Amino acid sequence: MRVFDLFNISMNIVMKGTGSAVPKRRVTNEELGRMVDTSDEWIASRTGIRARHIAVEETTTSLAVEAAEKALDDADVKAEEIDLIIASTVTPDQFLPNLACEVQAAIGAKNAAAFDVNAACSGFLFALNTAAMYLKGSGAKTALIVGAETLSKIVDWKDRSTCVLFGDGAGAAVIRAEELDVCSGILSMVQGSDGTRGGALKCGGRPLNNPFVTQQAAQAYVSMDGQEVYRFAVRTVPKVIRQAADEAGMSLDEIDLFLLHQANVRIIEAAAKQLSQPMEKFPVNLPEYGNLSAASVPVLLDYVRKQGRIQSGSRLVLAGFGAGMTWSGAVVVW
Ligand code: UT7
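Residues numbered from 1 in each chain as written. Predicted model: local features only at pLDDT ≥ 70, side-chain atom pairs only at ≥ 80, totals over all residues. Heavy atoms only, no water.

(A) Representation of the overall build of the chain. When you go through the chain residue by residue, the secondary structure sums to ten helices and 13 strands. For the chain, whose C-alpha radius of gyration is 19 Å, the value lies close to the compact-globule estimate of 20 Å for 334 residues. Summarising its shape, the C-alpha atoms of the chain cover approximately 55 × 55 × 40 Å along the three principal directions. Across the 334 residues that make up the chain, the buried fraction comes to 56%. For the chain, long-range pairs separated by at least 24 residues make up 78% of all intrachain contacts whose partners lie at least 6 apart in sequence. Approximately 14700 Å² of the chain is accessible, and the part contributed by carbon and sulfur atoms is 50%. Looking at the chain, you have 32 positive and 38 negative side-chain charges, and the mean spots of the two groups are 4 Å apart. (Helix = DSSP H or I, 4+ residues; strand = E, 2+ residues; numbered from the N terminus. Rg over C-alpha atoms; globule rule 2.2 N^0.38 Å. Buried < 20%, exposed > 50% of the residue type's maximum accessible area, 1.4 Å probe, protein only. Contact = heavy atoms within 4.5 Å. Areas by Shrake-Rupley, 256 points an atom, 1.4 Å probe, with all protein chains shown as cover. Lys, Arg positive; Asp, Glu negative; His and termini not counted. Charge placed at Lys NZ, Arg CZ, Asp CG, Glu CD.)

What follows is the structure, encoded as structure tokens:
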């Protein structure tokens, strides 16, 4: 059992390592065009997506474990050193046990407290922010954050307006509380929610099997008012980024990279334009992966690190938005 003490306020919360995993099976837009009435031309021009990876043998748990192991390796941290695991997903393999406990068991992180959060596509950032606050306000030193999804199991493969958008994958990061003289780690965190707009992007749960209730089965697949979500994203993302930069005492020009939730390249381009920042500072991987919901930001972070675009001292903005509606941002100095 972990006892949290409230004495760690002056600690820097630094990122130590990242990892990611995607399923082997790659599905192109052309292949989807043989399943529903769509085309590579429509999908690529409206979203920027050209392919996605779909779990066949993999599960949310297996992808999460693979990403977590890679992040530990990258951070050079042993599983027993982890005090806290927070996993974010909207597609766990089962209700119980939670994904974080599944990861804990698989990697042998026997000293960790482990729980899940659900904030849809903002989930990784909500988990990161929660973990950072735990580390700031307690004796816990090291946390593992995971965002993992197999959205393929909750999309309606007959609905062309949603099935072309999403993919499966997992990303993870190890963070640690350290006393440092330099200004490093997570400098600001911003998050918010507007439950009154929840109807724009939803997915029902399991059909009820309660002999005391007579009720229609809930919609079991993702449904979305795409244009409503699009307008919300274009309005919200630049605000979140400005607020996170302001809180960190940085101008937007001082930020090296903006790592945004990968839902639609047009949303990212609109954000870049509103912030008067060049698109080169907004890396994208959605042409290859599609929208990975809670896995989107950590998979992108790992992807960009592997490209060698993040060095010690790099100034990053991470930002996400999604169902709920929810939004979140952070400024991180690597
Ligand atoms: O992670 C957060 C959640 N998601 C998002 O951030 C998504 C935000 N929204 C979007 O990215 C865009 O709204 C979409 C990509 C989902 C849709 O693009 P759009 O430009 O808003 O298209 P639309 O929904 O206005 O549809 C335009 C047309 C419609 O046909 P009609 O009514 O004009 O004849 C749709 O039926 O495109 C049709 N359509 C398709 N056609 C071919 C919708 N999906 C497809 C498809 N292939 N896959």
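(B) Structural detail: unusual backbone geometry. A cis amide bond links Leu-96 to the next residue, Pro-97, at an omega of -5°. With respect to the helices and strands, the residue Pro-97 is situated in the loop between strand 4 (84-88) and helix 4 (99-107). Between Gly-324 and the following residue, Met-325, the backbone shows a cis peptide bond with an omega angle of -5°. One can find Met-325 in the loop between strand 12 (315-322) and strand 13 (326-333).

(C) The site of the ligand, seen in detail. In the vicinity of the ligand there are 23 residues, among which Thr-38, Gln-227, His-261, Asn-264 and Asn-291 approach most closely. One of the side-chain nitrogen or oxygen atoms of Arg-46 is found 2.9 Å away from an oxygen atom of the ligand. Between the ligand and Arg-160, the relevant distance is 2.9 Å, taken from a nitrogen atom to a main-chain nitrogen or oxygen of the residue. Out of a free accessible area of 960 Å², the ligand has 73% covered by protein chains. Counting only elements with at least two residues in the shell around the ligand, the list comes to helix 2 (40-47), helix 6 (160-163), helix 7 (226-248) and helix 8 (265-274). Broken down by element, the shell around the ligand gets its largest block of residues, four residues, from helix 7. (Near = heavy atom within 4 Å. Polar contact = N/O pair within 3.5 Å; in protein donor to acceptor, adjacent residues only side chain to side chain.)

(D) Fine view of the sheet that holds strand 1 (residues 12-21). Spatial ordering of the open sheet is given by 1-7-6-4-5, a layout of five strands whose pairing is mixed. The sheet is open, and its two edges are formed by strand 1 and strand 5 (113-117), each paired on a single side. Strand-to-strand twist in this sheet, taken as the mean axis angle between neighbours without regard to direction, amounts to 20°. Two elements, strand 4 and strand 6 (residues 142-150), share five bridges in a ladder whose sense is parallel. Residue Ala-87 lies in a different strand from strand 6, and its bridge partner there is Val-146. (Pairing = 2+ DSSP bridges. Axes fitted to C-alpha atoms, helices over the stretch in contact; angles between N-to-C directions.)

(E) Representation of the packing of helix 3 (residues 60-75) against helix 4. Contact geometry for helix 3 and helix 4: axes closest at 9 Å, N-to-C directions at 55°. On the basis of the axis angle, helix 3 is oblique to helix 4. Both helix 3 and helix 4 take part in a crossing whose hand is right-handed. Contact residues: helix 3 offers Thr-60, Thr-61, Ala-64, Val-65, Ala-68, Glu-69 and Leu-72, while helix 4 offers Leu-99, Glu-102, Val-103, Ala-106 and Ile-107. (Parallel < 35°, antiparallel > 145°, perpendicular 65-115°, else oblique. Left-handed = near helix turned anticlockwise from the far one by under 90°.)

(F) The sheet that holds strand 11 (residues 257-260), seen in detail. Pairing in this open sheet of four strands is mixed, and the strands run 8-13-12-11 from one edge to the other. The open sheet is flanked by strand 8 (185-193) and strand 11, the only strands paired with a single partner. Direction aside, neighbouring strands of the sheet carry axes that sit 15° apart on average. With eight bridges joining them, strand 8 and strand 13 adopt antiparallel strand pairing. Bridge pairing in strand 13 places Gly-192 opposite Trp-327. Of the strands in this sheet, strand 8, strand 12 and strand 13 are in contact with helix 5 (residues 123-136), which crosses strand 8 at around 125°. On the sheet, helix 7 packs against strand 8, strand 11, strand 12 and strand 13 and is oriented at approximately 35° with respect to strand 13.

(G) Looking closely at the packing of aromatic side chains. Here the structure, examined in full by the defined rule, presents four aromatic pairs. Judged by centre distance (4.6 Å) and plane angle (10°), the ring pair of Phe-258 and Phe-282 falls under stacked. Taken together, the positions of Phe-258 in strand 11 and Phe-282 in the loop between helix 8 and helix 9 (286-289) put the pair 24 residues apart, joining distant regions of the chain. An identical accessibility class is assigned to Phe-258 and Phe-282; each is buried. Summarising the aromatic geometry, the rings of Tyr-289 and Tyr-303 are spaced 6.2 Å apart at their centres and angled 80° between planes, so their arrangement reads as edge-to-face. Here Tyr-303 lies in helix 10 (residues 296-306) and Tyr-289 lies in helix 9, a separation of 14 residues in the sequence. Looking at Tyr-289, the relative accessible area reads 15%, which means it is buried. (Phe/Tyr/Trp six-rings, centres within 6.5 Å; stacked < 30°, edge-to-face > 60°.)

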